[in-house]
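# Coordinates in review
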Amino acid sequence: MKLGAHMSVAGGVHTAFARAESVGGTALQIFVKNASQWAAKPLPEEEIRLFAEERKRTGILPVVAHDSYLINLASPAAALWKMSIRAMVNELERCELLALDGLVAHPGSHVGSGESQGLKRIAQGLDDVFRRSPGLRVPILLETTAGQGSNLGWRFEQLATIRDLVREPERISFCLDTCHVFAAGYDLRTAGAVAATLDEFDQVCGLRDLKAVHLNDSLKPFESRRDRHAHIGEGEIGRAGFATFMTDPRLADVPMVLETPKGDEAKEDARNLELIRALAAGTMPKRKRAMPTEAWRKGTLKGAAKIARERSKARRDANSDAASGSGR
Ligand code: ZN
Ligand code: MN
Ligand code: MN
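Below or above, wherever it landed, is the structure these notes cover. Going along each chain's sequence as written, the residues are numbered from 1 onward. All chains are assigned letters beginning at A, and all ligands numbers beginning at 1, according to the order in which they are written. Selection of residues for local features in this predicted model requires a pLDDT of at least 70, selection of side-chain atom pairs for listing and counting requires 80 or more, and totals for whole chains, interfaces and linings are taken over all residues. Based on all heavy atoms of the structure, the side-chain values leave hydrogens and waters out of the count.

### Considerations on the overall build of the chain
Strands here mean DSSP runs of E at least two residues long; helices mean DSSP runs of H or I at least four residues long; both are numbered from the N terminus. Looking only at helices and strands, one finds ten helices and twelve strands in the chain. By the convention used here, residues are in contact when the closest approach between their heavy atoms is within 4.5 Å. In the chain, 76% of the contacts between residues at least 6 apart in sequence involve partners at least 24 apart. Accessible surface is estimated by sampling points in the Shrake-Rupley manner with a 1.4 Å probe; for residues, cover comes only from the protein chains shown. Here the chain displays about 15600 Å² of accessible surface, and carbon together with sulfur accounts for 54% of that area.

### Description of the coordination of the manganese ion (ligand 2)
Every protein donor of the manganese ion (ligand 2) is listed here as Glu143 (OE), Asp177 (OD), His214 (ND1) and Glu259 (OE), and their distances to the metal cover 2.1 to 2.3 Å. Distances define the donors: N, O and S atoms within 2.8 Å of the metal qualify, as do those within 3.2 Å of Na, K or Ca. Water is excluded, so some sites may look unfinished. Here the donor residues of the manganese ion (ligand 2) share one chain and are spaced in sequence as E-x33-D-x36-H-x44-E. For the pair the manganese ion (ligand 2) and the zinc ion (ligand 1), the metal-to-metal distance amounts to 3.3 Å, and Glu143 bridges them. Here Glu143, found in strand E6 (residues 140–143), pairs with Asp177, found in strand E8 (residues 172–177); they are 34 residues apart in sequence, far enough to count as distant. In terms of burial, Glu143 and Asp177 fall into one category: buried. Relative accessibility thresholds used throughout: buried, under 20% of the residue-type maximum; exposed, over 50%; partly exposed, between the two (1.4 Å probe, protein chains only).

### Notes on the environment of His229
Note that His229 resides in strand E11 (residues 229–230). Placed twelve residues apart in sequence, His229 and Asp217 show a C-alpha to C-alpha distance of 5.7 Å. In protein, a polar contact means a hydrogen-donor-capable atom and an acceptor-capable atom, both N or O and within 3.5 Å, with residues adjacent in sequence counting only if both atoms are side-chain atoms; elsewhere, any N or O pair within 3.5 Å suffices. In terms of polar contacts, His229 uses its side chain to reach the side chain of His180, at 3.4 Å. A distance of 3.1 Å separates the side chain of His229 from the side chain of Asp227, its partner in a polar contact.

### Describing the sheet that holds strand E2 (residues 27–30)
With parallel pairing, eight strands are arranged side by side around a closed barrel as E1-E2-E3-E4-E6-E8-E9-E12. The average angle at which neighbouring strand axes cross in this sheet is 30°, direction not considered. In this fold helix H9 (residues 267–280) packs onto strand E1 (3–6), strand E9 (210–215) and strand E12 (256–258), with an angle of close to 150° to the strand it touches most, E1. When DSSP finds two or more bridges between two strands, those strands count as paired. An axis is simply a line fitted to the C-alpha atoms; with a helix, the fit covers only the stretch in contact. Between two such axes, the angle follows the N-to-C directions and lies from 0 to 180 degrees.

### What to know about the environment of Arg131
Within the secondary structure layout, Arg131 lies in helix H4 (residues 115–131). When the C-alpha positions of Arg131 and Val89 are compared, they lie 9.4 Å apart, and in sequence the two are 42 residues distant. In this structure Arg131 touches Arg167 and Glu168, once residues within four positions along its chain are discounted.

### What about the side chain of Thr145?
Within the secondary structure layout, Thr145 lies in the loop between E6 and strand E7 (151–152). Judged by relative accessible area, which is 4%, Thr145 ranks as buried. A distance of 3.1 Å separates a polar side-chain atom of Thr145 from the backbone oxygen of Leu152. Apart from the residues within four sequence positions on either side, Thr145 is in contact with Pro107, Asn151, Leu152, Gly153, Trp154, His180 and Ala184.

### Concerning the coordination of the zinc ion (ligand 1)
His66 (NE2), His106 (NE2) and Glu143 (OE) make up the full set of protein donors to the zinc ion (ligand 1), lying at 2.0 to 2.1 Å. With a relative accessible area of 29%, His106 lands in the partly exposed category.

See the structure below:
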């Protein structure tokens, strides 16, 4: 199976391959530009050349990109919608230059304009994107979402509707995020649930058009419509769920990448990948100590601050007690 992780491109897009290699990845997801900025300098020729070289050297295939967080093709606001279309065209062109296998994109948020209006707007936006990028080979992979706020794409039907509405449906495929679908209300905790969820995806969108999977456990409960990623087996989906998911023969040829929390050295990626590979091979390795999540780190900081506050209050109280002479 092709398994990997989303990797940083700090130092140039080509640097992601060495990072993927260091954790034993055979698939890869990257950003092709800064994901929290609209503007981007053109990709330098040298970087494109190095990217192709590194890809050949490591043999890491396939590579997908994830689109910028700013893009919202469902936006009812004309200015943001147009910026989103231009940005999406730019992302597609960059993907094409790097010969990537897909551009994963969140469908968009209707921001109060309603579901059907939002879906129409996305399809119109995609039509415009495709019209401005004729002949490009790289497909857009619409990603299943958790349905947080007014995010669309949390029902498989919504993804299918978008594809039905666009003029060039052959340029649309899909990406399934395990955390998102679970939070959206498609269960993955048991063998039966995984089978039912994949059956439903197949009937509505078609597994033949599933070109990537995002492997994330969910920090938030089933049907919570909240998007918070957890390490594999350490969230609400759990190891049993991933064990069936990873061994479903229908997913054997779908590249999968982690988007789980990680520190600077990506030790977490290596460990999550190791677990995922073991589960895919049909084994259930011994459980290790849970890895820190972002919430855990924040919680620890908060906890430490609270202890410090309590200690200094106790010290102050002791001092004032001493000053007033009232003991015990
Ligand atoms: Zn995504
Ligand atoms: Mn995802
Ligand atoms: Mn997410």
